[in-house]
Amino acid sequence: MDKILVHGGNSLAGSIKISGSKNSALPILAATLLTREPCTIHRVPDLSDTHYMLQILIHLGAQVERASGIVTVTADKVQSVAPYDVVRKMRASVGVLGPLLGRCKEATVSLPGGCVIGDRPIDLHLKGFEALGAAVRVEGGNVKVFAPKLAGAVINLRGKFGPTVLGTDNVMMAAVLAEGTTVIEGAAQEPEVCDLADFLNKMGAKIEGAGTRRIIVEGVSELHGAEHDIIPDRIEAGTFLVAGAIAGSGVTVNRVEPKHLTAITDALSGCGFKIEAKNQAITVSPNGAPKPLEITTEPYPGFPTDMQAQMCALLSTTEGISVITENIFPQRYMHVAELKRMGAQVQMEGSTAVIQGVERLTGAPVMASDLRASAALVLAGLKADGITEVSRVYHIDRGYEHLDEKLSELGAHIERVKA
Ligand code: EPU
């Protein structure tokens, strides 16, 4: 298993290009199952998660061609069973349930197991399928959904932690081929949901309201092939902006959509950093002593849970007391114990982290536990004295395209060691 060694202390400067969004690419690749015709998707990031999704599509019968970020999927014939072996590596595999149900009127997919960021049920996805007329059975570790036909319905997808992103995607993908009109209330408003709706509309679907709390889907009898560019990854961009804030003298992320990043850039401005957004680029630079902050994670357009760990790393070295409250995944704090091993002073009170900023962290061997927690450890290492050795790097490779190489481009002293 590879390790990443971060030699702390280098100042970052310059610019990097942001990749296509992982959380857009995964459901959009799944959506290609909705048509027999070829679909071509541009800017698919080269990540282990997108590889897993393509393996699932191949298992289901699709033909896949991939070259430099361009993926063509032709799902001329599909079968509707995705067993444990094929889906166990990635929770987002549940995203094939909706398109398979829409196209085949049945789907059997192994249930996702536990996840280190907390309990991740799919009850809301299933509630949506049931409302469309599907029967749901859970047996032998699999969830089976089937319906002689799907009929439009009014569905409220809001759960106790707010809207569900993949749940909204899944129900939208099943509803595009249902008879009649589906209204999804309490829909997730994330840009990735809008990107999926844009792609589905290019395939001939009739979806309105994506990006608001109410999505209206007018069912159609079939979809056709389409071509689509994935939106820039706002979480990758946010991660590099935080890297720039932690250790930079002026870092620019290019090919981003600044309006998708407002919550993150507002937080960094609140911390005292200078933010300049121009067209498709954002620059973060120091502007006096950074200030502590209070942040609460919320559904979009609020501060994203996927940036909580990285902010925790930044605030660990920001003088004063900062407070982070995690509202989406209350247990998503695996990075805290590792940051403490580097000298961070963090006290947990339920789903709130109270952080007393320290002047410097010290490098240490640390263990990556999930994607964003791992990124946070690398970011903390940029500012730490000595070497931070991050093991279990495969977590990073699930969701960041060449994180170490891009940080090197900005001047970080970072190396990947093959074990
Ligand atoms: N929830 C339920 N029931 C459900 C579904 C969700 O109670 O049926 C709860 C969850 O437990 C959580 C909240 O609702 O408390 C929101 O979860 P959501 O369903 O929105 O999460 P997701 O769709 O499974 C996506 C991203 C995550 C990101 C979350 C929240 C993808 C592939 N994953 O997950 O991304 O954290 O939305 O924004 O889109 C990551 O990229 O590191 C990552 C974990």
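Reference entry: report on the structure contained in this document. (Residues numbered from 1 in each chain as written. Predicted model: local features only at pLDDT ≥ 70, side-chain atom pairs only at ≥ 80, totals over all residues. Heavy atoms only, no water.)

### As for the packing of aromatic side chains
Definition in use: Pairing of aromatic side chains requires ring centres within 6.5 Å, counting the rings of Phe and Tyr and the six-membered ring of Trp. Pairs whose planes differ by under 30 degrees are stacked, by over 60 edge-to-face, and all others tilted. Whether a charge sits over a ring comes down to the Lys NZ or Arg CZ being within 6 Å of the ring centre and within 35 degrees of the ring normal.
A complete count under the given rule lists zero aromatic pairs for this structure. Just above the ring of F146 sits the side chain of K144; from NZ or CZ to the centre is 5.4 Å.

### What to know about the pairing of strand β8 (residues 135–139)
Applied cut-off: DSSP bridges decide pairing: two strands pair if at least two such bridges lie between them. Elements are defined by DSSP. Helices are runs of H or I of four residues or more, strands are runs of E of two residues or more, and each kind is numbered from the N terminus.
Bridge analysis of β8 against strand β9 (residues 142–146) gives five bridges, and the strand direction is antiparallel. Within β9, the position partnered with A135 by the bridge is F146. Hairpin connection of β8 to β9: two residues between the antiparallel strands, including G140 at a positive phi of 60°.

### Some remarks on the state of the cysteines
Going by this rule: Working definition: a disulfide is two cysteine sulfur atoms within 2.5 Å of each other. Whether a residue is buried, partly exposed or exposed follows from its accessible area with a 1.4 Å probe, protein chains only, as a fraction of its type maximum: under 20%, in between, or over 50%, in that order.
Going through the model one piece at a time under the given rule, you end up with zero disulfides. No disulfide involves C194; its sulfur sits 19 Å from the nearest other cysteine sulfur, which is in C39. The closest cysteine sulfur to the non-disulfide-bonded C312 is located on C271, 12 Å from its own sulfur. Residue C312 is classed as buried on the basis of its relative accessible area of 0%.

### Quick word on helix α2 (residues 48–59)
Keep this limit in mind: Multiplying 1.5 Å by the helix residue count minus one yields the expected span of that helix.
When the terminal C-alpha atoms of α2 are compared, their 16 Å separation across twelve residues agrees well with the 16 Å that a helix rising 1.5 Å per residue should span. Buried residues of α2: S48, D49, T50, Y52, M53, L54, I56 and L57, and no others. Positive backbone phi, approximately 115°, marks G61, located one or two places after α2.

### A short note on helix α4 (residues 97–104)
To be explicit about the condition: Residues count as neighbours in contact if any of their non-hydrogen atoms are within 4.5 Å of one another.
With seven of eight residues buried, α4 lies mostly within the body of the structure. Within α4 the residues assigned to the buried category are L97, G98, P99, L100, L101, G102 and R103. Of the surrounding elements, those touching the buried residues of α4 are α1 (22–31), β7 (106–110), α5 (123–131), β9 and α6 (165–175).

### Things to note about the site of the ligand
This is how it is decided: Summary of the distance rule: residues count as near a molecule or strand when at least one heavy atom falls within 4 Å of that molecule or strand. We call two N or O atoms a polar contact when they sit within 3.5 Å, provided that within protein one can donate a hydrogen and the other can accept it, with sequence-adjacent residues counted only if both atoms are side-chain atoms. Here the accessible surface of atoms and residues is derived via Shrake-Rupley with a 1.4 Å probe, and residues count as covered only by protein chains that are part of the display. Ten residue types, Ala, Val, Leu, Ile, Met, Phe, Trp, Tyr, Cys and Pro, are classed as nonpolar, four, Asp, Glu, Lys and Arg, as charged, and the remainder, Gly among them, as polar. Start and end positions for the domains come from either an automated domain assignment or a database one.
In the region of the ligand, 24 residues are neighbours, and D123, T164, D306, I328 and R372 sit closest. The separation between an oxygen atom of the ligand and a polar side-chain atom of R91 is 2.9 Å. Within the side chain of R332, one N or O atom sits 3.2 Å away from an oxygen atom of the ligand. Relative to its free-state accessible area of 830 Å², the ligand is covered by the protein chains to the extent of 92%. It is α5 that provides the largest number of residues to the shell around the ligand, a total of three residues. Classifying every residue of the shell around the ligand by side-chain character gives twelve nonpolar, four polar and eight charged. In terms of domain composition, the shell around the ligand takes at least three residues from each of domain 1 (2–18 + 232–418) and domain 2 (22–229).

### Notes on unusual backbone geometry
The amide bond that connects Y300 to the next residue, P301, takes the cis arrangement and shows omega of 10°. Relative to the assigned elements, P301 resides in the loop between β18 (294–296) and α10 (308–316). In this structure, R43 takes a positive phi of about 60° despite not being glycine. Along the chain, R43 falls in the loop between β3 (39–42) and α2. Judged by relative accessible area, R43 falls into the partly exposed class, the value being 39%. For K105, which is not a glycine, the phi torsion comes out positive at approximately 65°. The topology assignment puts K105 in the loop between α4 and β7. By relative accessible area, K105 is classed as partly exposed at 23%.

### Some thoughts on the pattern of salt bridges
Oppositely charged side chains are able to pair whenever their charged atoms sit close together. The criterion, for reference: We count a salt bridge whenever a side-chain nitrogen from Lys or Arg sits within 4 Å of a carboxyl oxygen from Asp or Glu.
This structure, assessed with the given rule, holds 15 salt bridges. Between R398 and D49 there is a salt bridge, with the nearest N and O atoms lying 2.8 Å from each other. Placement of R398 in helix α13 (residues 394–399) and of D49 in helix α2 is noted, with a sequence separation of 349 residues between them. Overall, R398 belongs to the partly exposed group, its relative accessible area being 22%. Relative accessible area serves as the criterion here: at 3%, D49 is assigned to the buried category. Measuring nitrogen to oxygen at the nearest pair gives 3.8 Å for the salt bridge that ties E338 to R341. You can see E338 and its partner R341 sitting in helix α11 (residues 334–341), three residues apart, about one turn around the helix. The exposure class assigned to E338 is buried, which follows from its relative accessible area of 15%.

### Some thoughts on the nonpolar core
Worth spelling out the cut-off: Each nonpolar core is a collection of buried residues, namely Ala, Val, Leu, Ile, Met, Phe, Trp, Tyr and Cys, held together in the definition by side-chain atoms within 4.5 Å.
Grouped together as the largest cluster of nonpolar side chains are 71 residues, with contacts concentrated most on L29, L34, V96, M172, V176, L200 and I207. Once residues within four sequence positions are removed from consideration, M172 is found in contact with I184, V193, L196, A197, L200, I207, I215 and V217. Core analysis: the second largest hydrophobic core is formed by 68 residues, V242, I264, A380 and V393 among them.

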